[in-house]
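The residues making up each chain are set out below.
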Amino acid sequence: MAEILQRAGAWTFDGETVRIVPGTERQVHQLRKALGEVAVPLRAVAGIAYEPGGRKGGRLRLRLRDGADPLSQVASGRLPDAADPYQLAVDKDRTGVAEYFVEEVRNALLLEEVPDTSCDRYLLPGPPVPLTAAGTDGTAAFDGEHIQLEWNWMAEQSKSAAGPRRLLLKELEGVEWTPALGWENGSLRFRPKGTHPTLKPQHDPNCLLLWGVRQTKETGGAVLLAAAVVARLPHPSAGHVDAAADPPESGAPSLSPTAGKDGERSDTPGIPVAGEADHDGLLRRLRELGELHSTGVLTDDEFALAKKAILDRF
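Residues numbered from 1 in each chain as written. Predicted model: local features only at pLDDT ≥ 70, side-chain atom pairs only at ≥ 80, totals over all residues. Heavy atoms only, no water.

A. Molecular detail of the overall build of the chain. A count of helical and extended segments in the chain gives seven helices and 14 strands. Sorting the 314 residues of the chain into buried and exposed places 44% on the buried side. Sequence-distant contacts in the chain: of pairs separated by 6 or more residues, those separated by 24 or more amount to 62%. (Helix = DSSP H or I, 4+ residues; strand = E, 2+ residues; numbered from the N terminus. Buried < 20%, exposed > 50% of the residue type's maximum accessible area, 1.4 Å probe, protein only. Contact = heavy atoms within 4.5 Å.)

B. The nonpolar core, seen in detail. Grouped together as the largest cluster of nonpolar side chains are 65 residues, with contacts concentrated most on V40, L60, L62, W177, L188, F190 and V229. Considering every element that reaches this core, the biggest residue donor is helix α5 (residues 215-231), with nine residues. (Core = buried A, V, L, I, M, F, W, Y, C linked by side-chain atoms within 4.5 Å.)

C. Spatial organisation of the pattern of salt bridges. Using the criterion set out here, one finds eight salt bridges in the structure. Where D91 meets R7, a salt bridge forms, and the shortest distance between an N and an O atom there is 3.2 Å. Here R7 lies in the loop between β1 (2-6) and β2 (9-13) and D91 lies in the loop between β7 (87-90) and α3 (95-112), a separation of 84 residues in the sequence. Among the residues examined, D91 registers a relative accessible area of 26% and is labelled partly exposed. With its nearest N and O atoms 2.6 Å apart, the salt bridge here joins D204 to R189. A residue pair is termed long-range when its members are at least 10 positions apart, and D204 in the loop between β13 (186-192) and β14 (207-210) and R189 in strand β13 qualify at 15 residues. Accessibility classification places D204 together with R189 in one group, the buried group. Each of E51, R61 and D81 takes part in a single network of salt bridges with overlapping partners. (Salt bridge = Lys/Arg side-chain N within 4 Å of Asp/Glu carboxyl O.)

D. Focus on the sheet that holds strand β11 (residues 165-168). Taken in spatial order, the four strands of this open sheet run β8-β9-β10-β11, and their pairing is antiparallel. The open sheet terminates on both sides in strands that have one partner only, identified here as β8 (131-134) and β11. Averaged over all pairs of adjacent strands, the angle between strand axes in this sheet comes to 15 degrees, irrespective of strand direction. (Pairing = 2+ DSSP bridges. Axes fitted to C-alpha atoms, helices over the stretch in contact; angles between N-to-C directions.)

In structure tokens, the structure reads:
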């Protein structure tokens, strides 16, 4: 078990799941608090890194596989660092703990041969419903099947005259979240199926305007609601991702105990030759070594030596 506790929250890893729990202090971003605890399965992780930050400490960053998480799909890297649930500010005196955490997750990724390719289905469930998001000119609510748009006194005449808007989830092609940046407005736009004219956010009856000066307040609710909708729509890559993205659990080819890459011999059974240092090759060798060890071809000492050589090379 690897664990790191900080004021912004706590991360734990049990070998299968990275569990992220936000802190409760006032400086913790509202989005993190609203999202709550997030359990990231190892198969959804593409990588992890600790970035030293000088005298003030550093930052842990968890990188998920493309298409694994509805929230990441919607945000597309546009969340500020303080709002990103997959980042953790680390105090300087906890650098060693952060580096150990990274090592544990990386080793597990290697041993489990988790690919860093795109997913054709979501591996995280997305935010729970019901959810409500407040915007500049109204509010949006989502109960899992319907989206209800209500307008306030700041809405343009075109929206007010049309009245409240109710959309069925099955009628939607997608949803787009554009964050407000500084004084520049953002939007939460629902895209019904079919062909529709492109209107400015303030005039689009399927769009909630997000005012720039209320960025912190509106970022959390709007992006979480968008992620909840996306999680319940068909995955954009369904049926288009190569089968190699999620390899089968068994059926890996056997490795000759004395053969390296292209038939070259290695002095130590199972250790790849120097030319095979690529990531995929290392993952493949780890699984093959495990099979050789479990079937008795490699002794405990030989397996430990070969495994260490592979991990050191990575």
